[in-house]
Amino acid sequence: MTSRRNLCIHPRVSEEREGKVVDSMCRDLTAPWVRERSSEGGDVELCEFFEGFERNGRDALLSGTYNMEDLREMGRTKGWCPYFLARHLITFANIIVYSYAYLLDPKIASLISKEIKADSIIVFDEAHNIDNACINSLSVNLDMKIIEASHRNLIRISNAITNIKQTDANRLREEYSRLVRGLAQNSASLGHGDRLTVDPVLPADVLQEAVPGNIRKAEHFVALMKRFTDYVRLRLRVQNVVQESPLAFLQNVYQAAAIEARTLRFTSSRLGSLLR
């Protein structure tokens, strides 16, 4: 099992060399809401290999040993996406070889490794690197470029919400009603394929909670995220190195931007719902 970048055979997407770019372009072609828009007659490009896998590859049961090139060649021959084929075969494979991240990174493990049986035997090669792999998996690096891009995207989302309210306000009302029913039901309603990474590290009791009232309405959520990005942008302008615990950071966010820690736990899921 490996990344999209290593397995993709789409003529345009496979030309990219940066993993994040490949991931983003793949989702733009395979996400459930993109395929739904296409089925409704929208002018949307889909991935022919993912569509071929959805039609004929989900029942595939292969025997033997397959490396990356074997999967790519099978994908070209049968017209199936090698990446999603590999994810499908994990459920049936006796031996799986993949990177630490697929097991240790909560965001990736929730998609790739959730079907692995509890009594499986796991062998770590170069096990002295596990601590660094865990640190990297649970770390986030932000710079001013990322924050500025986030702020511009929030403006775009805000403008889109305004347009939808004027042309199809019922869409926003339906999305609001879905959120009120809670995150667990909302997550379960996602289509198969490439699910969003909806708060994979949240405990089950949190997933049963309803989304906080101050971010249920789309315009309120965008306003809150603008306050958060403004706060992070201000913090990045300091000249000296600052070290603080996660709890201290959350307390500072609350004092400076009036954003509670509980609200932040739901922002990823809230954004995913809004973008769909």
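In what follows, the structure referred to is the one given above.
Once a new chain begins, its residue numbering starts again from 1 and follows that chain's sequence as written. Residues qualify for local features only when their pLDDT is at least 70, as the model is predicted, and side-chain atom pairs are given and counted only at 80 or more; totals for whole chains, interfaces and linings, by contrast, use all residues. Excluded from the side-chain calculations are hydrogens and water; all other atoms, namely the structure's heavy atoms, are used.

## Side note on the environment of G75
Note on conventions: DSSP H or I runs of at least 4 residues are helices, E runs of at least 2 residues are strands, and numbering of each starts at the N terminus. By the element assignment, G75 lies in helix α5 (residues 68-78). Only protein chains enter the accessibility calculation, which uses a 1.4 Å probe; a residue whose area is less than 20% of its type maximum is buried, one above 50% is exposed, and one in between is partly exposed. Since its relative accessible area comes to 0%, G75 is described here as buried. As a C-alpha pair, G75 and I9 span 66 residues in sequence and 7.5 Å in three-dimensional space. Not counting the four nearest positions on each side in its chain, G75 is found in contact with I9, F49, W80 and P82. Here a residue-residue contact requires only that any non-hydrogen atoms of the pair lie within 4.5 Å.

## Quick look at the packing of α5 against helix α6 (residues 82-89)
In helix packing, the relevant descriptors are the interaxial angle and the interaxial distance, both defined with respect to the helix axes. Geometry is summarised by axes, namely lines fitted to C-alpha atoms with helices restricted to the contacting stretch, and by angles between N-to-C directions that run from 0 to 180 degrees. Running from amino to carboxyl end, α5 crosses α6 at an angle of 115 degrees, the nearest separation of the two axes being 9 Å. Relative to α6, the crossing made by α5 is right-handed. Counting all contacts with α5, which are made through L71, R72, M74 and G75, the residues of α6 involved are P82, L85 and A86. Put simply, a crossing is left-handed when the front helix is turned counterclockwise from the back one by less than a right angle, and right-handed when it is turned clockwise.

## What to know about unusual backbone geometry
A positive phi is found at E126, a non-glycine position, where the angle reads about 55 degrees. Given a relative accessible area of 43%, E126 falls into the partly exposed group. Located in the positive-phi region is A258, a residue other than glycine, with phi close to 55 degrees. You can see A258 is positioned in the loop between α15 (246-257) and α16 (261-264).

## Remarks on the state of the cysteines
Note on terminology: disulfide describes a covalent bond linking the sulfur atoms of two cysteines. Note on disulfides: each one is a pair of cysteine sulfur atoms within 2.5 Å. Taken as a whole and judged by the stated rule, the model has zero disulfides. Its sulfur unpaired, C47 is 5.8 Å from the next cysteine sulfur, which belongs to C81. According to the relative accessible area criterion, C47 is buried, its value standing at 8%.

Keep in mind that these numbers describe shape and distance, not what the molecule does.
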